[in-house]
Amino acid sequence: MNTRISPSGTFLRDFSSWLNRYRILTAGILIMSAPAALSEITLGSTSCSYLPAKSLKTTTQLSSVLASSPRIRFVGKVGGVAFDAVAVPDSGLVIKSLSLDLDTARPDGSRLVLTVNGRPVKTRIHDWELLPTIRYADSDSTSCFTLFGELQDEEEGRRLRGDGARILNYDDAFQDSLMGLRMFQLDILLLGDDFATDLPKEDGEYILGAGEKSPDLSTAKSLHEKYEEARLELDLKGIREDFDTEFQSYVITDQSVDIRFVIKDGQLEITGEPFYYFWKDDEDDLNGRYQAAQAEEAVKAGVLKPGDGFDELRAMIIKERKADQERKDSVKLKVARELKVISDTGTLEDLEQMETEADEKYEAALNKAVYEIAKAEGKVREGETPESFAERIFEEYMEADASVENAILERNQNWRNKAAENIPEKKAEHAAFKKQMDDINVQVAGINAGPDAAYAALEDKLDEIRDKARQTVSEFQDSDEATGKYLKEFSAAHAQFVDTLAAMNPAVWNAGRTVMRYGAFFRYCRAHHSDAWSAFMQKLGGNEGKLETKPAVKTPTVMKFSPPAGQ
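Parameters and conventions
- Residues numbered from 1 in each chain as written.
- Predicted model: local features only at pLDDT ≥ 70, side-chain atom pairs only at ≥ 80, totals over all residues.
- Heavy atoms only, no water.
- Pairing = 2+ DSSP bridges.
- Helix = DSSP H or I, 4+ residues; strand = E, 2+ residues; numbered from the N terminus.
- Contact = heavy atoms within 4.5 Å.
- Axes fitted to C-alpha atoms, helices over the stretch in contact; angles between N-to-C directions.
- Parallel < 35°, antiparallel > 145°, perpendicular 65-115°, else oblique.
- Left-handed = near helix turned anticlockwise from the far one by under 90°.
- Nonpolar A, V, L, I, M, F, W, Y, C, P; charged D, E, K, R; others polar.
- Phe/Tyr/Trp six-rings, centres within 6.5 Å; stacked < 30°, edge-to-face > 60°.
- Buried < 20%, exposed > 50% of the residue type's maximum accessible area, 1.4 Å probe, protein only.
- Lys NZ or Arg CZ within 6 Å of the ring centre and 35° of its normal.
- Core = buried A, V, L, I, M, F, W, Y, C linked by side-chain atoms within 4.5 Å.
- Salt bridge = Lys/Arg side-chain N within 4 Å of Asp/Glu carboxyl O.
- Expected span 1.5 Å × (residues − 1).

(A) Highlighting the pairing of strand S11 (residues 143-146). Pairing of strand S6 (residues 80-82) with S11 involves 2 bridges; the strand directions are antiparallel. Its bridge partner being in S11, Val 81 is matched across the sheet by Phe 145.

(B) Expanded view of the sheet that holds strand S18 (residues 267-271). One open sheet accounts for 3 strands, arranged S7-S17-S18; its pairing is mixed. Looking along the sheet, the strands with just one partner apiece sit at the ends: strand S7 (88-89) and S18. Relative to strand S17 (residues 260-264), S7 is paired through 2 bridges, and the arrangement is parallel. Across the sheet, Val 88 pairs through a bridge with Arg 260, a residue of S17. On the sheet, helix H16 (residues 506-528) packs against S7, S17 and S18 and is oriented at approximately 110 degrees with respect to S18.

(C) Structural detail: the sheet that holds strand S19 (residues 275-281). With respect to topology, 6 strands assemble into an open sheet ordered S13-S11-S6-S16-S19-S20, the strand pairing being mixed. Each of the sheet's edge strands pairs with one partner strand only, and the pair in question is strand S13 (169-170) and strand S20 (484-486). Relative to S13, S11 runs antiparallel, the two being bridged by 2 bridges. Within S13, the residue paired with Thr 146 across the bridge is Asn 169.

(D) Inspection of the packing of helix H3 (residues 127-138) against H16 at higher detail. It is the contact of H3 with H16, at a shortest axis distance of 9 Å, that shows an interaxial angle of 50 degrees. Comparing their axes, H16 and H3 come out oblique. Once H3 is placed against H16, the crossing between them reads as right-handed. Between H3 and H16, the contacting residues are Glu 129, Leu 130, Thr 133, Ile 134, Tyr 136, Ala 137 and Asp 138 on the first element and Thr 514, Val 515, Tyr 518, Gly 519, Phe 522, Arg 523 and Arg 526 on the second. Class assignment of the residues belonging to the contact of H3 with H16 gives a composition of 7 nonpolar, 3 polar and 4 charged.

(E) Just the packing of aromatic side chains, in detail. Enumeration according to the criterion identifies 21 aromatic pairs in this entry. Taking 5.0 Å as the distance between ring centres and 80 degrees as the angle between the ring planes, the aromatic pair formed by Phe 261 and Phe 521 counts as edge-to-face. In this pair, Phe 261 sits in strand S17 while Phe 521 sits in helix H16, placing the two residues 260 residues apart along the sequence. Ring geometry for Phe 521 and Phe 522: centres 6.0 Å apart, planes at 50 degrees, overall tilted. For Phe 521, a relative accessible area of 1% gives the class buried. Within the aromatic cluster, the residues linked to one another by ring pairs are Phe 261, Tyr 518, Phe 521, Phe 522, Tyr 524, Trp 533 and Phe 536. When the ring centre of Tyr 206 is taken as origin, the NZ or CZ atom of Lys 201, which lies over that ring, is 4.7 Å away. Seen from the ring of Phe 476, Arg 289 lies directly overhead, with NZ or CZ sitting 3.7 Å from the centre.

(F) Representation of the pairing of strand S8 (residues 98-102). In S8, alternate side chains face the same way, and those of Leu 98, Leu 100 and Leu 102 are buried while those of Ser 99 and Asp 101 on the opposite face are not. Where S8 lies against strand S9 (residues 112-116), 5 bridges are found, and the strand directions are antiparallel. Paired with Leu 98 across the bridge in S9 is Val 116.

(G) Up close: the nonpolar core. Residues Met 183 and Phe 521 are the most contacted members of the largest nonpolar core, which totals 106 residues. If one sorts the elements of this core by residue count, H16 sits on top with 12 residues. Ignoring sequence-local partners within four residues, the contact set of Met 183 consists of Val 81, Cys 144, Phe 145, Phe 174, Ala 511, Gly 512 and Val 515. Among the nonpolar cores identified, the runner-up in size contains 15 residues, and Tyr 371, Ile 373, Ala 374 and Phe 389 belong to it.

(H) Representation of the pattern of salt bridges. Enumeration according to the criterion identifies 40 salt bridges in this entry. Here Asp 127 makes a salt bridge to Arg 111, at a shortest N to O gap of 2.2 Å. With Asp 127 in helix H3 and Arg 111 in the loop between S8 and S9, this pair connects stretches of sequence that are 16 residues apart. On the basis of relative accessible area, Asp 127 is assigned to the buried category, the value being 0%. Among the ionic pairs, Glu 384 bridges to Arg 392, the shortest N-O distance being 2.5 Å. Neither Glu 384 nor Arg 392 differs from the other in exposure class; each is buried. One continuous salt-bridge network, built from bridges that share partners, spans Asp 324, Arg 327, Lys 328 and Asp 452.

(I) Summary view of helix H9 (residues 310-338). The end-to-end C-alpha separation of H9 is 42 Å, in line with the 42 Å expected for 29 residues at 1.5 Å each. Among the residues of H9, those classed as buried are Phe 310, Leu 313, Met 316, Ile 317, Asp 324, Val 331, Leu 333, Val 335 and Ala 336. Contacts from the buried residues of H9 go to helix H8 (283-300), helix H10 (348-376) and helix H13 (424-477).

(J) Structural context of unusual backbone geometry. Between Lys 550 and the following residue, Pro 551, the backbone shows a cis peptide bond with an omega angle of 5 degrees. With respect to the helices, strands and loops of the structure, Pro 551 is situated in the loop between helix H17 (530-543) and strand S21 (558-561). Located in the positive-phi region is Asp 193, a residue other than glycine, with phi close to 50 degrees. Relative to the helices and strands, Asp 193 is located in helix H6 (residues 193-197). Residue classification places Asp 193 among the partly exposed positions, given a relative accessible area of 42%. Although it is not a glycine, Asp 203 adopts a positive phi angle of roughly 55 degrees. With respect to the helices and strands, Asp 203 occurs in the loop between strand S14 (201-202) and strand S15 (205-206). Using a relative accessible area of 61% as the deciding quantity, one classes Asp 203 as exposed.

Laid out in structure tokens, this is it:
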């Protein structure tokens, strides 16, 4: 999930689509309609779109991009669901020999045949889970799924992203599979509502693999509420204990997870849970780079001398703005005195006070005249004063429905026009004073024309400097060197919610857990028992067609976010 921070004095988060907080986007998510030729997959009240998309190809080791300073090129451009850990035997388990095989005569869920130290070991993994996980572990891929993918038609992808859509890409191992669909939902599980509690359907029927059950929506929604309440408590704890809970995005990963396996009662047991790695842009670093880039561009533009930095640029801007305001104030004061609007010892504060009092005096007279007109028409309520009546009709207009606000505005304006004619002396007095102020402004504008143009040219040059500095920072954010900030305390504290998330949507969580655990175990086999792994992969090639990989699934590729109703 990619969000960007735009330099503007201090850096401000963009991506209205995802920020203030990632999970609040759920209200009103619309997934685009599927072509008629394909059976429609829905998730709650939303449906899926299929356009030709690219495969996800990420081979970067996660330990190098998910450190204390996460690499933006990965977390901000891929993110999603990513696993590459290698499991280790639990203490006391010494493996001298290991082999893997497939026995298609066995029931689905027990066809993976594992032999350790010459003894058979039972496994629990269904065919639809097994094949994608094996393919993933046998590759050098580190990412399963991303919301920041590409369509085959890149121009169409840019257009859709510009409209707030997300392009869904899958690693080849998960393309067009139920496990791919589960990885997609795992990435958006924290978005809440249907994404958190429901499962996809096809033609109105849940898409379930062997070993899965239809969701218990009542229980799931109750657990989701529990999770949201606990998250709020965690936010409050962050405030009390001074750690940051305002994340920009996250990666679901196995980094920092201790994945171990043991053989217990002849059964392979693998431990470890998927981990939410929360991160945000390092605003201090980006702001510092932005300031340095401004100073560098200011030197190039001749605004600063070589060797000057941002402090000198800021001091120069403050000085110029102060001088500009002082010049304008001095000219206005001089003209006001010359036109005898104020005395020779009068100040700008006196002039402002005169203007305020003149406006307030005329407005009070106008309100009183409007009050008398409305009273004659029976529109004034008992006990209302001219002031309270004026306040009420203003609020009446502000709170009016669109269907009547023009009529109310026209009525109020007619009252004011008629009232103004009923107080000709006060209207003329106010108009005369306003003409004096206009005369001041006309003369001031003429005197300031040259200096104002010079100052405007400086401001234009400063805007150009800022634009170039923003571009420099943007290019840095797209580089390999750009890093973010890992919210370590928050990520560790969030791990306490694993049991709630697993119970809230067991199908999705179990799928993610299976890919992580068995993927790590298979990588262990590949790394430490390479001959056995190679032999297993050869046997797999001859038996793959005999495995039960149903149900067949067409994984969606486009998701369109739309704002909640009324926003």
